[in-house]
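For reference, the chains in residue letters:
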Amino acid sequence: MKINRLVSIVMILLEKKRISAQELSDMFEVSKRTIYRDVETISMAGIPVSTTSGTNGGIEIMSGYKIDKKVFSRDDLSALLMGLNSLPKMLRNRELEHTLAKLKSLVPAEQAKDIEIKANQVLIDLSPWFGERNVKHNLEILKAAIEENRLISFTYIDGHSKKSKRTAEAYQLVLKGLSWYVQTFCRIKNDFRFFRLSRMNGLILLDEKFIPREFKKPLLDFEETARKLQTVIKLRVHKSILDRVLEFCDFDCIKSDGEESYLVEYPFIDRDYYYDMLLSFGDKCECLEPLAVREKLKQKIQSLMQVYWRGEHLDEVPK
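Reading the values: rules and limits
Residue positions within a chain follow its written sequence, with the count starting from 1. Since the coordinates come from a predicted model, pLDDT governs what is reported: local features require at least 70, and pairs of side-chain atoms require 80 or more to be given and counted, while whole-chain, interface and lining totals use all residues. With hydrogens and water stripped out, all remaining heavy atoms of the structure feed into the side-chain values. A run of H or I in DSSP becomes a helix once it reaches four residues, and a run of E becomes a strand once it reaches two; helices and strands are each numbered from the N terminus. Contacts were defined at the residue level, with two residues in contact if any of their heavy atoms lie within 4.5 Å. Two strands pair if DSSP finds at least two bridges between them. For helices, the axis comes from a line fit to the C-alpha atoms of the stretch in contact; other axes are also lines fit to C-alpha atoms, and the angle between any two N-to-C directions lies between 0 and 180 degrees. Ring geometry is summarised as follows: Phe, Tyr and Trp rings, the Trp one being its six-membered ring, pair when their centres sit within 6.5 Å, and such pairs are stacked at plane angles under 30 degrees, edge-to-face over 60 and tilted between the two. Exposed residues in this analysis have more than 50% of their type's maximum accessible area, buried residues have under 20%, and partly exposed residues fall in between, with area computed by a 1.4 Å probe over protein chains only. Here, nonpolar core means buried Ala, Val, Leu, Ile, Met, Phe, Trp, Tyr and Cys residues that are tied together by side-chain atoms lying within 4.5 Å of each other. Any angle that is under 35 degrees is reported as roughly parallel, and any over 145 degrees as roughly antiparallel; angles of 65 to 115 degrees are reported as roughly perpendicular and all others as oblique. Amino acids outside the nonpolar list (Ala, Val, Leu, Ile, Met, Phe, Trp, Tyr, Cys, Pro) and the charged list (Asp, Glu, Lys, Arg) are all regarded as polar, and Gly is one of them. Any carboxyl oxygen of Asp or Glu within 4 Å of a side-chain nitrogen of Lys or Arg constitutes a salt bridge here.

### Regarding the environment of Lys234
Its location among the elements puts Lys234 in strand S8 (residues 231–238). When the C-alpha positions of Lys234 and Phe268 are compared, they lie 9.7 Å apart, and in sequence the two are 34 residues distant. The residues touching Lys234, leaving out its near neighbours within four places in the chain, are Leu263, Val264, Glu286, Cys287, Leu288 and Glu289.

Okay, structure coming up:
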């Protein structure tokens, strides 16, 4: 939202003596033209913001300026507090706690209770229920690596279970879905690479520093690619797993099939991950069509049975 960006810019300008339009543009992922429009809006609101051109130029607030608490509405403060309170605990640091304290100091005493209630109406906890115990440890190391421009070393296990030793420059931590990633420049591949934290082992913060290079942002939106690869298959699922199925498709794709089951139009890509997902539903799910997907599932089930009946008499293996 624009109002949240405006408030954030004001808070940044109060903290920094001067910052360039390009830095703000990168920070908020908008154009420099948008930043300059925002600065004009802030000036019209009565906050003395000035811009200076040249090599050492930038945007700044007049020295000694103290912000009027009335600049922020109750909704502004509630939105900011909600967002900061909802940051994962593993990202919390002293700077964030200081920022929270400053924001709370802007809350008028007569509105404090109402703002606290509104700020607590939404709780976002992105930490997993189980697993990924090493992620928090890796996050701490990577935050230091990014802040101090120090190289990192680690062993990585890719999606095909192949191990490789890496040395890299860390540039950005990314939370995508429920998983943490880090965008780096890999010294081994001599290119930017995206690594999942849960697959990093033996992460070490090296003493050697690096000169930051022009940062290449990772590609995070695969919706268009997925849409091109995606097909729809027909499933019959038991009512006991309907909640799990709804994580992948809408109510409009589900029709009742008697009292115990449903027929589902399920989005699917012909990749092992999607077959494994279907198999995770166990005997509560049956692929009805297309025939090619059904046959491949049968082959995978047969291979699984061979594993569990290995060493037994072949005539005991279910057919």
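### Comments concerning the sheet that holds strand S9 (residues 254–257)
Here we have 4 strands laid out as an open sheet, ordered S9-S10-S8-S11, and antiparallel in their pairing. In this open sheet, the two edge strands, each paired with only one partner strand, are S9 and strand S11 (285–289). Going from strand to strand, the sheet's axes swing by 30 degrees on average, the running direction of each strand aside. Taken strand by strand, helix H10 (residues 272–279) contacts S8 and strand S10 (261–268), and its axis lies near 165 degrees from that of S10.

### Observations regarding the packing of aromatic side chains
Centre-to-centre distance and the angle between the planes together describe a pair of aromatic rings. Using the criterion set out here, one finds 12 aromatic pairs in the structure. Centroid distance Tyr171 to Phe192: 5.8 Å. Interplanar angle 55 degrees. Geometry classified as tilted. Placement of the pair is Tyr171 in strand S4 (residues 163–176) and Phe192 in strand S6 (residues 191–196), with a sequence separation of 21 residues. The burial state of Tyr171 is the same as that of Phe192; both residues are buried. Ring centres 6.5 Å apart and planes at 90 degrees place the aromatic pair Tyr266 and Phe281 in the edge-to-face group. Pair noted here: Tyr266 is in strand S10 and Phe281 is in the loop between H10 and S11, with a separation of 15 residues, a long-range link. Judged by relative accessible area, Tyr266 falls into the buried class, the value being 2%. Each residue in the set Tyr171, Phe185, Phe192 and Phe210 is aromatic and connected to the rest through ring pairs, giving one cluster.

### What to know about the nonpolar core
The biggest cluster of nonpolar side chains holds 19 residues, and the ones touching the most others in it are Ile233, Leu235, Val245, Val264, Tyr266, Leu278 and Phe281. Those elements that provide at least two residues to this core are S8, helix H9 (242–245), S10, H10, S11 and helix H11 (291–308). Leu139, Ile141, Ala170 and Met200 belong to the second largest nonpolar core, which has 16 residues in total.

### Examining the sheet that holds strand S7 (residues 200–209)
Reading across from one edge, S6-S5-S4-S3-S7 is the order of the 5 strands in this open sheet, with antiparallel pairing throughout. The outermost strands of the open sheet, each flanked by one partner alone, are S6 and S7. The mean inter-strand angle of the sheet, taken between neighbouring strand axes irrespective of direction, is 45 degrees. Note that strand S3 (residues 150–157) and S7 share 5 bridges and pair antiparallel. Looking at the pairing, Arg150 lines up with Lys209 of S7.

### Let's talk about the packing of H10 against H11
A pair of packed helices can be characterised by two numbers: the angle between their axes and the separation between those axes. For the pair H10 and H11, the least separation of the axes is 11 Å and the interaxial angle reads 75 degrees. Our classification of the angle between H10 and H11 gives roughly perpendicular. Counted together, Asp272, Tyr275, Leu278 and Leu279 of H10 and Val293, Lys296, Leu297, Lys300 and Ile301 of H11 form the full contact between these two elements. Looking at the contact of H10 with H11, its residues break down into 6 nonpolar, no polar and 3 charged.

### Concerning the pattern of salt bridges
Taken as a whole, this structure holds 14 salt bridges when the rule is applied. Residue Arg213 pairs with Glu169 through a salt bridge whose shortest N-O separation is 2.7 Å. Placement of the pair is Arg213 in the loop between S7 and helix H8 (223–229) and Glu169 in strand S4, with a sequence separation of 44 residues. A residue is classified by how much of its surface remains accessible, and Arg213, at 36% relative accessible area, is partly exposed. Note on Glu169: relative accessible area 0%, which makes it buried. Residues joined in a network through salt bridges with shared partners are Arg236, Asp257, Glu286 and Arg294.

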